[in-house]
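Coordinate analysis (summary)
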Amino acid sequence: MSLKTKMFLLFGLIVILGFAALIAVVFFETRSSNFENYAAFTHQQLERADGYVRLFFDQARSNAIYLSNLPEMHAAIGKVPAFMKAQGPTKVTRDQMEPEVAALDQRLQHLLDANSVYADVGSGFDDGSILEYPALTWPAGFDPRVRPWYRKGLEAQGQAAVSPVYVSVGGF
């Protein structure tokens, strides 16, 4: 092999190694930059999601306080249906309710209509009665006072509370 050929091969090898080094640097820099961008984007998305969750619970607390202060809520106490002594599954519709309870049920409907992320809206009472919109079929013997949301509300002593996640009677 001539010196000219050896020099040409050496030059070609140096060029190839240079390109390989350049490609490696570009690859690792791009990868690092992409990872940093991904991490920043993910953090930003998590902050947005956290904001939405906080907004949801802040609105839910405000709505709970709003409901508890409604004149219709106080007028319905003692007149809301209870299902603890029911012999079988029971559903009470608005036309079967006393006027004060029907008025409260209508307020629950308005609140649900205004908050499309809610599955239902309701309230349990000290006497074991419950009103929920939309109307559910309650199982025989249902007592809201033993449900986690009711107990959490009692622990909050008049403040709005958030209970752990659970499966509702309606299957939600």
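Everything below is about the structure shown above.
Residues numbered from 1 in each chain as written. Predicted model: local features only at pLDDT ≥ 70, side-chain atom pairs only at ≥ 80, totals over all residues. Heavy atoms only, no water.

1. Notes on the environment of P89
Tracing the chain through its elements places P89 in the loop between helix 2 (71-76) and helix 3 (99-114). Given a relative accessible area of 67%, P89 falls into the exposed group. Separated by 50 residues in the primary sequence, P89 and P139 place their C-alpha atoms 4.3 Å from one another. Here P89 is in contact with T137, W138, P139 and A140, once residues within four sequence places are set aside. (Helix = DSSP H or I, 4+ residues; strand = E, 2+ residues; numbered from the N terminus. Buried < 20%, exposed > 50% of the residue type's maximum accessible area, 1.4 Å probe, protein only. Contact = heavy atoms within 4.5 Å.)

2. Some words on the environment of L112
If you trace the backbone, L112 turns up in helix 3. Excluding residues that lie within four positions of it along the chain, L112 makes contacts with Y118, A119, D120, V121, Y133 and P134.

3. Focus on the environment of G128
Within the secondary structure layout, G128 lies in the loop between strand 1 (121-124) and strand 2 (130-133). For G128, a relative accessible area of 0% corresponds to the buried category. Here G128 is in contact with A82, M84, D143, P144 and R145, once residues within four sequence places are set aside.

4. Quick look at unusual backbone geometry
Of the consecutive residues Y133 and P134, the connecting peptide bond is found in the cis state with omega at 0 degrees. Note on placement: P134 falls in the loop between strand 2 and helix 4 (148-155).

5. Notes on the nonpolar core
Among the nonpolar cores identified, the biggest contains 23 residues, and L67, L104, V121 and L131 are the most heavily contacted of them. Taken together, the elements giving at least two residues each to this core come down to helix 2, helix 3 and strand 2. Looking at which element gives the most residues to this core, the answer is helix 3, with six residues. (Core = buried A, V, L, I, M, F, W, Y, C linked by side-chain atoms within 4.5 Å.)

6. Observations regarding the packing of aromatic side chains
Applying the stated rule across the entire model yields five aromatic pairs. With a centroid separation of 5.8 Å and 25 degrees between ring planes, the pair formed by F83 and W138 is classed as stacked. Of the two residues, F83 is situated in the loop between helix 2 and helix 3 and W138 in the loop between strand 2 and helix 4; the sequence distance between them amounts to 55 residues. Classification of F83 as buried rests on a relative accessible area of 4%. Between W149 and Y150, the ring centres sit 6.0 Å apart and the planes meet at 75 degrees, which makes this aromatic pair edge-to-face. For W149, a relative accessible area of 26% puts it in the partly exposed group. On the accessibility criterion, Y150 (8% relative accessible area) is buried. Among the aromatic residues, those joined into a ring-pair cluster are F56, F57 and Y118. (Phe/Tyr/Trp six-rings, centres within 6.5 Å; stacked < 30°, edge-to-face > 60°.)

7. Regarding the pairing of strand 2
Along strand 2, one buried face is formed by I130 and E132 and the opposite face, lined by L131 and Y133, is buried too. As paired strands, strand 1 and strand 2 are joined by four bridges and run antiparallel to one another. Note that in strand 2 the partner of G124 across the bridge is I130. Count of turn residues in the strand 1/strand 2 antiparallel hairpin: five residues, of which G128 carries a positive phi of about 90 degrees. (Pairing = 2+ DSSP bridges.)

8. A closer look at the pattern of salt bridges
In this structure the tally under the stated criterion is five salt bridges. With a closest N to O distance of 2.8 Å, R94 and D105 form a salt bridge. Taken together, the positions of R94 in the loop between helix 2 and helix 3 and D105 in helix 3 put the pair eleven residues apart, joining distant regions of the chain. (Salt bridge = Lys/Arg side-chain N within 4 Å of Asp/Glu carboxyl O.)

Functional significance is not addressed by these values, which are geometric in nature.
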